[in-house]
Every structure is written in C-alpha cells, then in structure tokens.
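Given next are the chains, with one letter for each unit.
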Amino acid sequence: MRTIWRQLLFITLLLSPISAWAVDSYRFLHVSIDTPWFIFIFLFFLVFAPMILMAILHWRQALRDDPEEEDKS
C-alpha cells in the first residue's frame, strides 16, 4: 500500500507544471552591490564568534587561581 502512494506522489510531481515552482524565483537570486558585504559580515561573525569566545574562556581560566600552587605555599 505504501509503494502505491509513493508512486502516485512521484507521478504527480512529474506531471505537475515545473514552471509554477519558479514563480518570482529571481527575486531570491537577485544580487546587488550590498550582497558581498552581507556575506562578509555574516561569515565574519560566524568565524570569529567562536574564536572570541575561546579567547575569553582561556583568559578566564588563566586568571583563575591554581589550587595546587596554594597548597605548596
């Protein structure tokens, strides 16, 4: 029974007009002069946010007192 529904769905998708899927699709692909800047800003924060977090966590750990050194003194 499942294969019948899959075949019907597949045939329906093949027979449906493909041009209807492309209505106003160009506006999502429109590239302007601002597009590279948006990509750069997005990638900048995506790449550098983990590095900044790593630096903050490393700095915090470095400032924390070592319990082994306290026991020696």
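Calculation criteria
- Counting from 1, residues in each chain are numbered in the order their sequence is written.
- Local features in this predicted model are restricted to residues whose pLDDT is 70 or higher, and side-chain atom pairs enter the listing and the counts only when it is 80 or higher, whereas totals over whole chains, interfaces and linings include all residues.
- Excluded from the side-chain calculation are hydrogens and water; included are all heavy atoms of the structure.
- Segments assigned H or I by DSSP are reported as helices when at least four residues long, segments assigned E as strands when at least two residues long, and all are numbered from the N terminus.
- Three labels apply to residues, based on accessible area from a 1.4 Å probe with only protein chains included: buried if under 20% of the type maximum, exposed if over 50%, partly exposed otherwise in between.
- Per-residue and other accessible areas were derived by the Shrake-Rupley procedure at a 1.4 Å probe size, with only the shown protein chains allowed to occlude residues.
- Residue-level confidence of the predictor, termed pLDDT, takes values from 0 up to 100.
- Pairing of aromatic side chains here covers Phe, Tyr and the six-membered ring of Trp, requires ring centres within 6.5 Å, and sorts the geometry by plane angle: under 30 degrees stacked, over 60 edge-to-face, intermediate tilted.

Caption draft 1: Fine view of the overall build of the chain. The secondary structure content of the chain amounts to four helices and zero strands. Mapped from its N terminus to its C terminus, the chain presents α and β elements in the order α-α-α-α. Every one of the 73 residues in the chain was classed for burial, and the buried ones make up 0%. Accessible surface computed for the chain: about 7,800 Å², of which carbon and sulfur atoms make up 71%.

Caption draft 2: The confidence of the model for the chain, seen in detail. Put simply, the chain has an average pLDDT of 78, and 68% of its residues get 70 or more. In the model of the chain, helix H2 (residues 26-29) stands out as the element of lowest mean pLDDT, 60, in contrast to helix H3 (residues 35-63), which has the highest, 91.

Caption draft 3: Molecular detail of the packing of aromatic side chains. This model, assessed by the stated rule, comprises four aromatic pairs. On the basis of an interplanar angle of 55 degrees and a centroid distance of 4.8 Å, the ring pair of phenylalanine 44 and phenylalanine 48 is categorised as tilted. With phenylalanine 44 and phenylalanine 48 both in helix H3 and four residues apart, this pair spans about one turn of that helix. The class of phenylalanine 44 is partly exposed, set by a relative accessible area of 35%. A network of ring pairs unites the aromatic residues Trp37, Phe40, Phe44, Phe45 and Phe48 as a single cluster.

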